Amino acid sequence: MSYRLGVDVGGTFTDLLLINEKTGETHSAKVPSTPQDPSIGVLNGIDRLSAVSGVALHNIHRVMHGTTIATNAVLTGKGAKVGLVTTKGYKQVLQVARSFCPGGLGGWVSFVKKPLLAPLELTIEADERIAADGSVVRELNEHSFRIALKALHAKGTVEALTICFINSYLNSNHEQQARQIAKQIFTDIPISISSEVVPEMQEYERTETTVINSYVRPEVANYIDNLQAALVDRMGESVLLSILRSDGGLASGSSAAEKPVNLLLSGPAGGVTGAIFFASRGGHNNVLTFDMGGTSTDVALIQNAKARIRRETQVGDVTVRSPSVDVRTVGAGGGSIAFVPELTKALRVGPDSAGAVPGPAAYMKGGTAPTVCDANVVLGYLPSDVQLGGAMKIDKQAAVNAVQTIADAMGISLMAAAEGIVKIANEAMLGALRVVSVEQGFDPRDFALVGFGGAGPLHANAMGILTNAWPVIIPPGPGVLCAYGDATTRVQDEASRTYVTLVKDINEDKLLADLSTLHIKASESLLNDGIAPAELLVTFQVDLRYIGQAFQLTIEFALEELQQKGVSLFIQAFDKEHTQLFTFALDDGHEVVMLRAVVHAKTEPIPELIMKHKGVDLKSAKICDTEFFFAGQTHQAVIYDRGLLGPGITVPGPAIVNEMDSTTVILPGYEASTDSVGNLLINSIKGSNYHA
Amino acid sequence: MLSKLIETNKAPFNKVDVDPVNVDIIENALSNAREEMDAVLFRTAMSPGIREQGDCFPIIANRDGKMVVGQFGSFIKGFLDAYTGQIEEGDIILTNDPYLCNAAVSHLPDWIVLVPIFKDGRHLAWSAMFGHMSDNGGMVPGSIPIKAETVFQEGIQIPPTKLYKKGVLQHEILELILRNVRTPQWNRFDLNALIASCRTAAKRCVELAERFGDDVFNSTMDIILERNLIAMTHIIKMIVPESPRVFEDYICDDGMGMGPYKLKCTMWREGDKAFFDFDGTDPQAQSSINFYLNEELFKMFFGSFTINMIDPQIVFNDGFYELVEVRVPEGSILKPKYPAALSGRTHALGRVFDILGGLLGQGAPEAMNAAGFSDSPHLFYSGYDDNNEWFQLFQIGFGGIPGRPVGDGLDGHSLWPGFTNVPNEFIEAYFPLRINTYETIADSGGAGLHRGGNGLCVAYEFLNNGKIAIHDDRWLTYPWGVNGGKPGLRSSKLLIRKDGSQEYLAAKCDDIVVKKGDVLYFNTWGGGGWGDPLKRNPELVLTDVNRELVTIAGALEYGVVIANNAVDSDKTAALRHKISTERPEIQLFERGGTIEEIKARCLQETHLEPPKTPVFHAAGA
């Protein structure tokens, strides 16, 4: 028997999913997260899972892990003390931060900047210079560099060192040389150099990205080491730990620890890959995903069962150059607080959130502010009149009291206020969904919509109405979907370099040689982890733009295609996509900005577990009657147990489908059915004329 | 209104009641559409000025041309008043002429695209976007000639012109225009981008009207405008006093030897209405530093400065315009007479913000900011490179954000929304120069309880022979401090030739020949300080010293004595006591002396001759 384990550590819960690699059978567990040392929660969960499933731990051969440890280090400001070395004259590159003040006219009046992640007092300069063509203007002055390094070392506080020189993306020799020298002085801390972490143009972004890498590196490395040791202790030497990266690929533990900047969106990437897993098995390869949690909602667009990849990642107010699944986040979640500014009398929802503590008023943990969750309680979408298995206890009166404050401020009824709050939250999520679809030239009607996360299934039907993306899909276990994603992805790495050459000037022989070099570089970490060369697959990418454009598009291609068609392949693909996005294309001026090789390991697919009819009819799946409010009126509805619904049963709305960690609302005029892989599919009932 | 909109569908819009939640939803959606306009522009524009620096401004307006969402307020009404033609579905209008659109744009390099949005044959709304073009022809590369005496020297003037007629591009007009600029390819592409951006907004408006109904959409725009009116009514009563309040500030010189020029504004309130009267402002200048101030634009400056306090999420718009009256004297530097030159208006435009801050701040000193980086200094560098190809660089400089109630000013930042620097590696890759230094200037921020932000020192090493032009200000007058804070350090430009000789350049100059290997130190000014520097925590001063943002000598301005990397408490206490007993009483504004005193020290301190007091002739004479 061979099992793989998916583990997702979230802010509140750690989700685990055990999959039998032969049969596809699964077991899941949910345990509280342990923010002080997340590995404790992981190990608790493993013990729990082993106990309930009866699977012996030594049968688990792969552990695939999505982690927010790097993200949290950034968000809570608890990363390492980072020392920085820049080119002479560029010491304040982070201090100036491209001179940008957020906000509109007068935004500078209130803008308060967070402390630098590499403070100026720990920043030194090296006398060296590379030119914009990669040639050396001035050699590295080793003597003065050593003196500066020693002075920095003498401060005794640096826990990780970053080296970022101007134009090093074209010539990394000075950074390499500087690292060799630094290693002799800083013998026991990690050193990151920008030409390895992100060999791309733009000094501020490259410095910031490399500094973030240093900033989270000690903590991530420490965590991975400890977890690896604990897993080996329980499961034996053969267990392989991989970490999910922001781009949805898996990295080996050691490679993840070296470039932790690539893990910043590991959490959301797990959700997206999990959504892809279930949607594509159900036959839906083009989907919009929306993962609604307590404080925010992540949305993404999936085309041909692949997430779109973006070349930068945002965490809080930090933006770094590292590839990530193109997830857009809006500050609207179940805990988002509603309020009415006195002068404008407008209804605002978020971005402030009640979080887990004090939480929504209905949860009785001390919160009194009206939240989206409270509005859902008032409307009856989160039923309080029956005790449901596993659900948190809900105090409807507390929710009513909270939402009433909004109704009073606006001079409208309680129900209108509650419905207003939900609508505004939905609108914010719609805004994000439009960013990933309409604004990229995609029509949402060509997609299905996958709703998950704690609050996603509550809002999914309404979001379907707003986007017209049907069916609306609620995957099985929407609350542990990230763990599914973790468990079902492939090991992957990539290597890239800035090219900045006009397509017409490209020498194809040199291009092929450069691609081959990148291929070898991208394969390194996988080969080091003992994956056989025959197991590796490669794809190549080129980032293109019209010369002068800030925007660029990534074109994916295979080596054979390039050999057959030549570089005109790039131009054709680029013009087509540019036209889709912006309605025009130009005749010339195509410029290659970046080249990239992406290498991944083949994996055994997990067998499909086909859902069978459970032998019960709709009536037997019923838990009780209830009522909820929608579109200005109260509707009689029925609550069903999802665990008893199988293929062949259709649930007519208005209804609520309940399961351990989630509640799905089916609105009047809509119905839900279960497909063969366990997805709940919501569609409109033909001939129904309900509108939002 | 002289111009006429031709609608094929004459059905009137009905005013309808709108569910308040739908108002909020439409408000959000319009905000998103405005963001999307920027996004489309940045991704498709080509010149570094627009794509990297974000020098552009979007608007979505209602049928009447009132800005419902946007940045700098609507010019559409002014444009419509001045335009005499008919406007039909599919038309796209282009202009850059300040004198023919009531200064909707204030100099020729800003090109505006205006799109009437139609749905089912009815005029639904407007979208507009303007962007700063890299070149507009005229006397000098970049088209901001300092010594221009009339607008004819500033390049091509495009009166409101249909670039598209009923959806058809007027090729010949476009080619005529582009033939007159030095960077036709950039302008062509940027213009494309402006149009794409406006069309995106048009699409979103039509979609919203489809979703909620035309009447609901139309009525909601009025409601969103009304919200601003209500909010601003309260704000004006709160912060604008009935008794008049006056503030003056200066433009240091006109680039032709005269200065400083005075800007003066008086503010008061009568009932609900606020008045801003620029009477006492100097007459128009002989050169291009005139700034044709659109009254509506000034209202927008005023509103956006104040409304954030009440509801930062509000969609800010024109709705309150009737509550503000702005009076600008004809023939003054803020309302020059045609055909006065006005391309170098950036200094006066920025300085208006300092005036606003000074006016509003007198009533609430604790809430006032010091003088900030109220400008967008320019550097132009152009010539032929080694491949004999024309290059033309336009760079905007950044400087010190002032000390603020909320804390220290930021070092080397922008006061303009959305502006960012162009990455140096990008510039080096595409232009023949190398940037040897890019760091803030220690001690340039005014000392204060909250320190002013430092100015920025950028050292450009030119790698080709060519010409440069510089536009900067505050080299003579100081960025003032408030509430006891000190003024910031002024700007300076030092050119060090390859042979080692050096030359201080005027703040405003063009046609300066540079040779390969020459290095220009472009130093911008620091922000003024806020509050008494003697009250700043000495440990914070030490931290700034450790960060090399303040020097050990600079720390003395705070009365802080630093020795051996630590604050010497005894000496600090003694010095602070000495300074506080010897200094004159703290004034609300610290300007670093009178104009006469500043001029007297000018040559010694700045290495430049002081400008002569302006002599004015009757405008247009």
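From a predicted model like this one, the values you see are computed outputs, not experimental measurements.

Enquirer: In this structure, what is going on with the overall build of chain B? I would like to understand it.
Expert: Secondary structure assignment for chain B yields 13 helices and 26 strands. Taking 621 residues into account, the globule formula puts the C-alpha radius of gyration at 25 Å, and chain B, at 25 Å, falls close to it. With respect to the principal axes defined by its C-alpha atoms, chain B has extents near 80 × 60 × 50 Å. A total of 621 residues make up chain B; the buried ones form 60% of that total. A separation of at least 24 residues holds for 74% of the contacts in chain B among residues at least 6 apart in sequence.

Enquirer: How should I be thinking about the overall build of chain A in this particular structure?
Expert: Within chain A, the regular secondary structure consists of 18 helices and 35 strands. In terms of overall dimensions, chain A is globule-like: its C-alpha atoms have a radius of gyration of 26 Å, near the 26 Å expected for 692 residues. Its C-alpha atoms put chain A at 80 × 65 × 60 Å along the principal axes. For chain A, buried positions account for 53% of its 692 residues. Counting only contacts in chain A whose residues sit at least 6 apart along the sequence, the fraction spanning at least 24 positions is 67%.

Enquirer: Honestly, helix α8 (residues 346–361) of chain B in this entry has me stumped. Any pointers?
Expert: Residues that lie three or four places apart on an α-helix share one face, since the helix turns once every 3.6 residues. Helix length check: α8(B) (16 residues) gives 23 Å between terminal C-alpha atoms against 22 Å at 1.5 Å per residue, within 8%. In terms of residue burial, α8(B) counts as a mostly covered element, since 16 of its 16 residues are buried.

Enquirer: Would you mind going over the environment of Pro479(B) with me for this structure?
Expert: All names here are of chain B. With respect to the helices and strands, the residue Pro479 is situated in the loop between β18 (466–471) and β19 (481–482). Residue classification places Pro479 among the buried positions, given that 35 C-beta atoms sit within 10 Å. With 31 residues separating them along the chain, Pro479 and Asp510 place their C-alpha atoms 24 Å apart. Excluding residues within four positions of it along the chain, Pro479 makes contact with Ala371, Gly372, Pro402, Gly446, Arg474, Pro487, Gly488, Trp525, Gly526, Gly527 and Gly528.

Enquirer: Help me out: how do you make sense of the nonpolar core in this one?
Expert: Of all hydrophobic cores here, the largest spans 369 residues; its most connected members are Ile421(A), Met429(A), Leu449(A) and Val113(B). In terms of residue count, helix α5 (residues 184–212) of chain B provides more of this core than any other element does, 14 residues in total. Both domains that furnish three or more residues to this core are identified here as domain 1 (2–232) and domain 2 (368–472 + 491–523) of chain B. Within the second largest apolar cluster, nine residues are counted, among which are Ala371(B), Leu449(B), Trp480(B) and Trp530(B).

Enquirer: Can you help me understand the domain arrangement of chain B in this one?
Expert: Where the parts come together, the accessible area they lose is often given as the size of the interface. All names here are of chain B. In terms of domain boundaries, chain B breaks down into domain 1 (2–232) and domain 2 (368–472 + 491–523). Taken over C-alpha atoms, the centre of domain 1 sits 31 Å from the centre of domain 2. Taken together, the 16 residues of domain 1 in the interface contact 17 residues of domain 2.

Enquirer: Help me understand the packing of helix α1 (residues 38–53) of chain A against helix α7 (residues 203–235) of chain A, please; the structure alone is not making it clear to me.
Expert: Helix-helix packing: each pair is described by the crossing angle between the helix axes and the interaxial distance. Residue and element names in this part refer to chain A. Look at α1 against α7: their axes get within 10 Å of each other, and the N-to-C directions meet at 20°. The angle between the axes of α1 and α7 places the two elements in the roughly parallel class. The handedness of the crossing between α1 and α7 comes out as right-handed. Contacts from Pro38, Ser39, Val42, Leu43 and Ile46 in α1 reach Tyr223, Asn226, Leu227, Ala230 and Arg234 in α7.

Enquirer: Please clarify how the interface of chain B and chain A should be interpreted in this entry.
Expert: Counting from both sides, the interface comprises 61 residues of chain B and, opposite them, 54 residues of chain A. Of all elements in the fold, only α1 (20–44), α5, α6 (214–239), α7 (295–307), α9 (424–430) and β16 (433–440) of chain B reach the threshold of two or more residues within the side of chain B that touches chain A. It is α1(B) that provides the largest number of residues to the side of chain B that touches chain A, a total of 11 residues. When the residues that make up the side of chain B that touches chain A are grouped by side-chain class, the tally is 25 nonpolar, 21 polar and 15 charged.

Enquirer: Quick question: what am I supposed to make of the sheet that holds strand β25 (residues 492–502) of chain A here?
Expert: Hydrogen bonds between backbone groups are what pair the strands of a sheet, and the pairing can be parallel or antiparallel. All names here are of chain A. Ordered in space as β25-β28-β26-β27, the four strands form an open sheet in which the pairing is antiparallel. The open sheet has two free edges, formed respectively by β25 and β27 (553–557), since each of these has just one partner strand. With direction set aside, neighbouring strand axes in the sheet form an average angle of 20°. As judged from the nine bridges shared by β25 and strand β28 (residues 590–601), these two strands associate in the antiparallel manner. Bridge pairing in β28 places Asp493 opposite Val599. Relative to β28, helix α15 (residues 508–528) is tilted by about 35°, and along the sheet it contacts β25, β26 (536–546) and β28.

Enquirer: I tried to follow the pairing of strand β5 (residues 82–87) of chain A on my own but got confused; where do I start?
Expert: Sheet faces and side chains relate simply in a regular strand, where the side chains alternate between the two faces. Residue and element names in this part refer to chain A. Of all six residues in β5, six are buried; the element is thus mostly enclosed. Where β5 and strand β9 (residues 160–164) come together, five bridges link them in parallel fashion. Bridge pairing links Leu84 to Thr162 in β9.

Enquirer: Sorry if this is basic, but what is going on with the environment of Ser382(B) here?
Expert: All names here are of chain B. If you trace the backbone, Ser382 turns up in strand β14 (residues 378–384). Judged by the 21 C-beta atoms lying within 10 Å of it, Ser382 is buried. The spatial distance from the C-alpha of Ser382 to the C-alpha of Leu360 is 42 Å, given a sequence separation of 22 residues. With near-sequence residues (within four places) excluded, Ser382 lies in contact with Pro141, Phe391, Gln392, Leu393, Gly466 and Lys467.

Enquirer: Help me understand the sheet that holds β9(A) in this model?
Expert: Residue and element names in this part refer to chain A. Spatial ordering of the open sheet is given by β6-β5-β9-β10, a layout of four strands whose pairing is parallel. The open sheet has two free edges, formed respectively by β6 (123–126) and β10 (191–193), since each of these has just one partner strand. On average, each strand axis in the sheet is tilted by 20° relative to the strand beside it, whichever way the strands run. Strands β5, β9 and β10 of the sheet are contacted by α7, whose axis makes an angle of about 165° with β9.

Enquirer: Explanation requested: the confidence of the model for chain B in the structure shown.
Expert: Mean pLDDT for chain B: 92, with 97% of residues reaching 70 or above. Overall fold confidence for the complex sits at a pTM of 0.88, while the interface term, ipTM, reaches 0.91.

Enquirer: Would you explain unusual backbone geometry in this entry?
Expert: All names here are of chain A. At the junction of Trp470 and Pro471, the peptide bond is cis and its omega measures out at -5° in the coordinates. Among the secondary structure elements, Pro471 is positioned in the loop between α13 (456–467) and β24 (472–474). Even without being a glycine, Arg98 presents a positive backbone phi close to 60°. Residue classification places Arg98 among the buried residues on the basis of 22 C-beta atoms within 10 Å. The backbone of Met364 shows a phi angle near 60°, a positive value even though the residue is not glycine. Counting through the fold element by element, Met364 comes out in the loop between β22 (348–353) and α10 (372–379). Given 14 C-beta atoms within a 10 Å radius, Met364 is considered partly exposed.

Enquirer: Looking at this model, I keep getting lost on the packing of helix α12 (residues 414–436) of chain A against α13(A). Mind explaining?
Expert: Residue and element names in this part refer to chain A. For the pair α12 and α13, interaxial distance at closest approach is 10 Å and the crossing angle is 55°. By the angle between their axes, α12 is oblique relative to α13. Between α12 and α13 lies a crossing whose hand is right-handed. Packed against α12, whose contacting residues are Asn426, Met429, Leu430 and Leu433, the element α13 presents His459, Ala462, Met463, Leu466 and Thr467 at the interface.

Enquirer: Is there a simple way to explain helix α9 (residues 266–281) of chain A in this structure?
Expert: Compared with an ideal rise of 1.5 Å per residue, which puts 16 residues at 22 Å, α9(A) spans 23 Å between its outermost C-alpha atoms and is within 8% of the ideal. In terms of burial, α9(A) is a largely internal element, 15 of the 16 residues being buried.

Enquirer: How should the environment of Pro360(A) be read in this particular structure?
Expert: Residue and element names in this part refer to chain A. For Pro360, the position within the fold is in the loop between β22 and α10. Residues Pro360 and Asn679 lie 319 residues apart in sequence; the distance between their C-alpha atoms is 29 Å. Look past the residues within four positions of Pro360 in its chain and what remains in contact with it is Gly334, Gly335, Ala354, Gly367, Thr371, Cys373 and Asp374.

The rules we used
Residues numbered from 1 in each chain as written. Chains lettered and ligands numbered in written order. Predicted model: local features only at pLDDT ≥ 70, side-chain atom pairs only at ≥ 80, totals over all residues. Helix = DSSP H or I, 4+ residues; strand = E, 2+ residues; numbered from the N terminus. Rg over C-alpha atoms; globule rule 2.2 N^0.38 Å. Buried ≥ 20, exposed ≤ 12 C-beta atoms within 10 Å, placed from the backbone. Contact = placed C-beta atoms within 7 Å. Expected span 1.5 Å × (residues − 1). Core = buried A, V, L, I, M, F, W, Y, C linked by C-beta atoms within 7 Å. Domains from an automatic or database assignment. Axes fitted to C-alpha atoms, helices over the stretch in contact; angles between N-to-C directions. Parallel < 35°, antiparallel > 145°, perpendicular 65-115°, else oblique. Left-handed = near helix turned anticlockwise from the far one by under 90°. Nonpolar A, V, L, I, M, F, W, Y, C, P; charged D, E, K, R; others polar. Pairing = 2+ DSSP bridges. pLDDT = per-residue confidence, 0-100.

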